[in-house]
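An overview of the molecular structure
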Amino acid sequence: MWVGVLHHVCGEHTWATGQCKHDPLGDERAKKYLEKNSKAMEALRKIFLDPKWLSSLHFYVKFR
């Protein structure tokens, strides 16, 4: 799931192991996506792929 989010925020909606499940997007030129090698993307990867976060995720998903 989180890997898909990482692809989505870079503007990739289809990748080797999956694809986004949203309807076709409109005018994408108006949207700014993160660069794959940017510091922002690196920080997002660090958060989303953190083992401590991933192990506690079940609590947050059920809590909502």
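Residues numbered from 1 in each chain as written. Predicted model: local features only at pLDDT ≥ 70, side-chain atom pairs only at ≥ 80, totals over all residues. Heavy atoms only, no water.

The next thing to look at is the overall build of the protein. Secondary structure summary: the protein contains three helices and two strands in total. Helices and strands appear in the protein in the N-to-C order α-β-β-α-α. When the backbone C-alpha atoms are referred to their principal axes, the protein occupies close to 35 × 30 × 25 Å. In the protein, which comprises 64 residues, the proportion classed as buried is 17%. Of the accessible surface of the protein, which amounts to about 5,600 Å², a share of 60% is contributed by carbon and sulfur atoms. Both charge centroids of the protein, one from 11 positive and one from 7 negative side chains, sit 7 Å from each other. (Helix = DSSP H or I, 4+ residues; strand = E, 2+ residues; numbered from the N terminus. Buried < 20%, exposed > 50% of the residue type's maximum accessible area, 1.4 Å probe, protein only. Areas by Shrake-Rupley, 256 points an atom, 1.4 Å probe, with all protein chains shown as cover. Lys, Arg positive; Asp, Glu negative; His and termini not counted. Charge placed at Lys NZ, Arg CZ, Asp CG, Glu CD.)

Moving on to the environment of Pro-24. Here Pro-24 is to be found in the loop between strand S2 (18-19) and helix H2 (39-48). Residues Pro-24 and His-13, spaced 11 residues apart in sequence, show a C-alpha to C-alpha distance of 9.5 Å.

Moving on, we get to the nonpolar core. Trp-2, Leu-6, Cys-10, Met-41, Phe-48 and Leu-57 form the largest nonpolar core, which has six residues in total. Other than its neighbours up to four places away in sequence, Met-41 contacts Leu-6, Val-9, Cys-10, Leu-34, Glu-35 and Lys-36. (Core = buried A, V, L, I, M, F, W, Y, C linked by side-chain atoms within 4.5 Å. Contact = heavy atoms within 4.5 Å.)

Looking now at the pattern of salt bridges. Inspection of every chain in the model, using the stated rule, returns one salt bridge. Of the charged contacts, one joins Glu-12 and Lys-36 as a salt bridge, the two residues approaching to 2.6 Å between their closest N and O atoms. Of this pair, Glu-12 sits in the loop between helix H1 (2-8) and strand S1 (14-15) while Lys-36 sits in the loop between S2 and H2, and the two are 24 residues apart along the sequence. What makes Glu-12 partly exposed here is its relative accessible area of 21%. (Salt bridge = Lys/Arg side-chain N within 4 Å of Asp/Glu carboxyl O.)

Right, let's talk about the environment of His-13 for a bit. Tracing the chain through its elements places His-13 in the loop between H1 and S1. Taking the C-alpha atoms as reference, His-13 lies 9.7 Å from Leu-25; in sequence the two are 12 residues apart. One polar contact links His-13 to Tyr-33, side chain to side chain, over a distance of 3.5 Å. (Polar contact = N/O pair within 3.5 Å; in protein donor to acceptor, adjacent residues only side chain to side chain.)

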